[in-house]
Amino acid sequence: MLFRELKRRKVIRTCLLYTLLCWGALQVGDILFPALGFNSDTASLYFLYLAIAGFPVTFALAWFFQITPEGIVRTMPFVERRVLSNIPPINDRRTSRAGHLFRKSAEQPDYSWILIAESGPLAGFSFGIVKEVVIGRSLECDLTVVSPHISRRHARLSLDGDQLLIADLGSSNGTVVNGYTIAENQALHHDDELRFHDIIFKINAVHSARRSAQQAADKTTFVNTSITNKN
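Residues numbered from 1 in each chain as written. Predicted model: local features only at pLDDT ≥ 70, side-chain atom pairs only at ≥ 80, totals over all residues. Heavy atoms only, no water.

**Remarks on the pattern of salt bridges**
The line we're drawing: For this document, the term salt bridge refers to a Lys or Arg side-chain nitrogen within 4 Å of an Asp or Glu carboxyl oxygen. Exposure classes here rest on a 1.4 Å probe applied to the protein chains alone. A residue is buried below 20% of its type maximum, exposed above 50%, and partly exposed in between.
Considering all chains together, one arrives at two salt bridges under this definition. Across the salt bridge formed by arginine 195 and glutamate 193, the nearest N and O atoms sit 3.6 Å from each other. On the basis of relative accessibility, which here comes to 22%, the residue glutamate 193 falls in the partly exposed class.

This is the structure we're talking about:
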């Protein structure tokens, strides 16, 4: 994980470039120092000390900042990068400011299933399920849960018509539904509990107001047009 973060922040590349520049400067210095009247060995030694002292400074700057075409910008921390790639929540019961890290949905989609995080790093967030959702530790997942007990691709939620299904994706600690470990696709129902080791989600089967209104509009209404006139 640390190596991946160093690579993402381009720290390794920056430190290697710094080392090469210092080595090149030292070679040039060996030629210029005598011409400038300096003792070559002493000047080279001082330069080496200065280069070594500058290495941790270079490391720290590379960790926090990057040089881009737009200028020097601060590198986004890992947790911010992670939540920005999650599907947008439909609500947030947390009081912290972390909710603003999720990308905003331009328009509320129609949904009939809600996944509610009861514990773990996403506790307090609810997610409307409108398509296949892969849950796991990897940044490429639709719903990333950073926990050492969660596999990179842990489980998959999918829709089969109006039915919500869950399948384990060969995770190390398994996927548990209402206390039972599952493997293949299993149908989920309202108020079911999903457990990924110590991470708990609840399932809500609901209909959004828009869906209910649409269903009501789609219903066929029969009107009795026969009128009996009594004389």
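Structure's up, so let's keep going.
**Quick word on the packing of helix H2 (residues 11-35) against helix H3 (residues 40-64)**
The test is simple: In this description, a line fitted to the C-alpha atoms serves as the axis of each element, helices being fitted only across the stretch in contact, and the angle between N-to-C directions of two axes falls anywhere from 0 to 180 degrees. Strands here mean DSSP runs of E at least two residues long; helices mean DSSP runs of H or I at least four residues long; both are numbered from the N terminus. Angle categories are assigned with fixed cut-offs, so that under 35 degrees is roughly parallel, over 145 is roughly antiparallel, 65 to 115 is roughly perpendicular, and the rest are oblique. Should the near helix be turned anticlockwise from the far one by less than a right angle, the crossing is termed left-handed; should it be turned clockwise, right-handed. Any two residues whose heavy atoms approach within 4.5 Å are treated as being in contact. Three residue categories are used. Nonpolar comprises Ala, Val, Leu, Ile, Met, Phe, Trp, Tyr, Cys and Pro, charged comprises Asp, Glu, Lys and Arg, and polar comprises the others, including Gly.
Taken N-terminus to C-terminus, the directions of H2 and H3 make an angle of 160°; their axes are 10 Å apart at the nearest point. One element, H2, and the other, H3, form an angle in the roughly antiparallel class. The way H2 lies across H3 gives a crossing that is right-handed. Contact residues: H2 offers Val11, Thr14, Cys15, Tyr18, Thr19, Cys22, Ala25, Leu26, Asp30, Phe33 and Pro34, while H3 offers Ser40, Ala43, Ser44, Phe47, Leu50, Ala51, Gly54, Phe55, Thr58, Phe59, Ala62 and Trp63. When its residues are assigned to classes, the contact of H2 with H3 shows 16 nonpolar, six polar and one charged.

**As for a nonpolar patch on the surface**
So the rule is basically this: Residues with no salt bridge and a relative accessible area higher than 30% make up the patches, which join like charges within 9 Å and nonpolar side chains (Val, Leu, Ile, Met, Phe, Trp, Tyr) within 5 Å. Residue burial considers only the protein chains on display, and all accessible areas are found by Shrake-Rupley using a 1.4 Å probe.
On the surface, a cluster of nonpolar side chains totalling about 640 Å² of accessible area is made up of Val57, Leu61, Phe64, Phe65, Ile67 and Ile72. Broken down by secondary-structure element, the contributors of at least two residues to the nonpolar patch are H3 and strand S1 (65-68). Tallying contributions element by element places H3 first for the nonpolar patch, with three residues. Relative accessible area serves as the criterion here: at 48%, valine 57 is assigned to the partly exposed category.

**Here's the deal with the sheet that holds strand S12 (residues 186-187)**
Our working rule: We call two strands paired when DSSP finds no fewer than two bridges between them.
Reading across from one edge, S7-S6-S8-S9-S12 is the order of the five strands in this open sheet, with mixed pairing throughout. Of all strands in the sheet, those bounded by a partner on one side alone are strand S7 (143-144) and S12. Alignment of strand S8 (residues 155-160) against strand S9 (residues 163-168), held across six bridges, turns out to be antiparallel. When the bridges of S9 are listed, leucine 159 appears paired with leucine 164.

**Thoughts on the layout of surface pockets**
Under the convention used in this document: Lining residues are defined by having an atom within 4 Å of a point belonging to a cavity or pocket. Those points lie on a 1 Å grid over the protein atoms alone, cavities being sets where a 1.4 Å probe fits but cannot get out and pockets being open sets with protein on both sides within 12 Å along at least five of seven lines. Grid points are joined across faces, edges and corners, and a volume is the space filled by probe spheres set on the points.
If you add up the space inside the largest pocket, you get close to 290 Å³. Arg9, Lys10, Arg13, Thr14, Leu17, Thr58, Leu61, Ala62, Phe65, Gln66, Ile67 and Ile72 together form the lining of the largest pocket. Mapped onto the lining of the largest pocket, the elements with two or more residues apiece are H2, H3 and S1. Considered class by class, the residues forming the lining of the largest pocket number six nonpolar, three polar and three charged.

**Comments concerning the side chain of serine 138**
The condition is simple: The definition of a polar contact used here is a pair of N or O atoms within 3.5 Å, where within protein one atom must be able to donate a hydrogen and the other to accept one, and adjacent residues in sequence count solely through side-chain atom pairs.
With respect to the secondary-structure elements, serine 138 resides in the loop between strand S6 (133-136) and S7. Here glutamate 140 takes part through its side chain, which lies 2.5 Å from a polar atom of the side chain of serine 138. Those residues within four positions of serine 138 in sequence are excluded, and the remaining contacts are Thr144 and Arg152.

**Looking at the nonpolar core**
The test is simple: Nine residue types can take part in a nonpolar core, namely buried Ala, Val, Leu, Ile, Met, Phe, Trp, Tyr and Cys, and a core is a set of them joined through side-chain atoms within 4.5 Å.
Core analysis: the biggest nonpolar cluster contains 25 residues, and Leu115, Leu143, Leu157, Ile166, Leu194, Phe196 and Phe201 have the highest contact counts within it. Elements represented by at least two residues in this core include exactly strand S4 (113-117), strand S5 (125-128), S6, S8, S9, strand S13 (193-196) and strand S14 (199-205).

**A word on the pairing of S6**
The side-chain alternation of S6 yields two buried faces, one formed by Val133 and Ile135 and the other by Val134 and Gly136. Bridge count between S6 and S8: three bridges; the pairing is antiparallel. Directly across from valine 134, in S8, lies its bridge partner arginine 156. Pairing geometry for S6 and S7, over two bridges, is parallel. Counterpart to glycine 136 in the pairing with S7 is threonine 144.

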